[in-house]
Amino acid sequence: MFDEDKTRFRRAEEALRFYFRLRELLHSGRTSRLVAEELPADACTMAANAIDDYQCIGWCMQGLDEIALWLLSELYGPSGFGVRRRTFSQACKAGKLEFPERNFRLREIGMIHGHALGVVKRGLGRLGMIPVRHLQSVHDRRRRIRTAGKRGHYQGRRGGQAGIIRARRVR
């Protein structure tokens, strides 16, 4: 029985791994760099099988440039059993080989990844494929920051007192 409230994936990262593994199967193991023309123009309304999921996830990547698509395929691409997932530093080295005119830095790779993952998360959330986190209001965030600041100040003051007590014991 199909549960209406249940999502297909827990996180966007899982959906991307699924997408790139299925892409490798559909291309008989010979996958080239992912390009924007390969992505579907429309998303399916109700994902009933793996191919529908594949198309929906591909639709969520619409609007990303070629470097962001390459980076997602590099990080979440097929890694097989027993092979570790690629790290940002490995992707940075591969990016320098793939795009010799660009001088990638590790921080830039992280920023591109964060942007691309955000775009995919928003799309998957709209389609109901991942759980959508409720956004906190500005008031809730301010209150949380304020209490964290008070907590740090209080612990800092007590920490200072502990240092005084230890100093007295040493003498």
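Note that the structure is a prediction, hence the values are computed from the model and not measured.

To continue, consider the confidence of the model for the chain. The predicted model of the chain has a mean per-residue pLDDT of 77, with 68% of residues at 70 or higher. Within the chain, the element-level pLDDT minimum falls on helix H6 (residues 138–170), averaging 54, and the maximum on helix H5 (residues 106–127), averaging 92.

As enumerated under the stated definition, the model contains 6 aromatic pairs in all. A centroid spacing of 4.5 Å and a plane angle of 10° characterise the contact between Tyr-19 and Tyr-54, whose relative ring orientation is stacked. With Tyr-19 in helix H1 (residues 12–26) and Tyr-54 in helix H2 (residues 50–60), the pair connects residues that are 35 residues apart, well separated along the chain. Comparing Tyr-19 with Tyr-54 shows no difference in burial state: the two are buried. Ring geometry for Trp-70 and Phe-99: centres 5.5 Å apart, planes at 85°, overall edge-to-face. Placement of Trp-70 in helix H3 (residues 66–76) and of Phe-99 in the loop between helix H4 (88–98) and H5 is noted, with a sequence separation of 29 residues between them. An identical accessibility class is assigned to Trp-70 and Phe-99; each is buried.

So, about the nonpolar core. Core analysis: the largest hydrophobic core is formed by 37 residues, its most contacted members being Leu-16, Ile-57, Met-61, Leu-64, Leu-72 and Leu-124. For this core, the elements supplying multiple residues, two or more each, are H1, H2, H3, H4 and H5. Top element by residues in this core is H3. It accounts for 8 residues. When neighbours within four sequence positions are excluded, Met-61 is seen to be in contact with Leu-16, Tyr-19, Phe-20, Leu-34, Leu-39, Leu-69, Leu-72 and Val-120.

Quick notes on the rules
Residues numbered from 1 in each chain as written. Predicted model: local features only at pLDDT ≥ 70, side-chain atom pairs only at ≥ 80, totals over all residues. Heavy atoms only, no water. pLDDT = per-residue confidence, 0-100. Helix = DSSP H or I, 4+ residues; strand = E, 2+ residues; numbered from the N terminus. Phe/Tyr/Trp six-rings, centres within 6.5 Å; stacked < 30°, edge-to-face > 60°. Buried < 20%, exposed > 50% of the residue type's maximum accessible area, 1.4 Å probe, protein only. Core = buried A, V, L, I, M, F, W, Y, C linked by side-chain atoms within 4.5 Å. Contact = heavy atoms within 4.5 Å.

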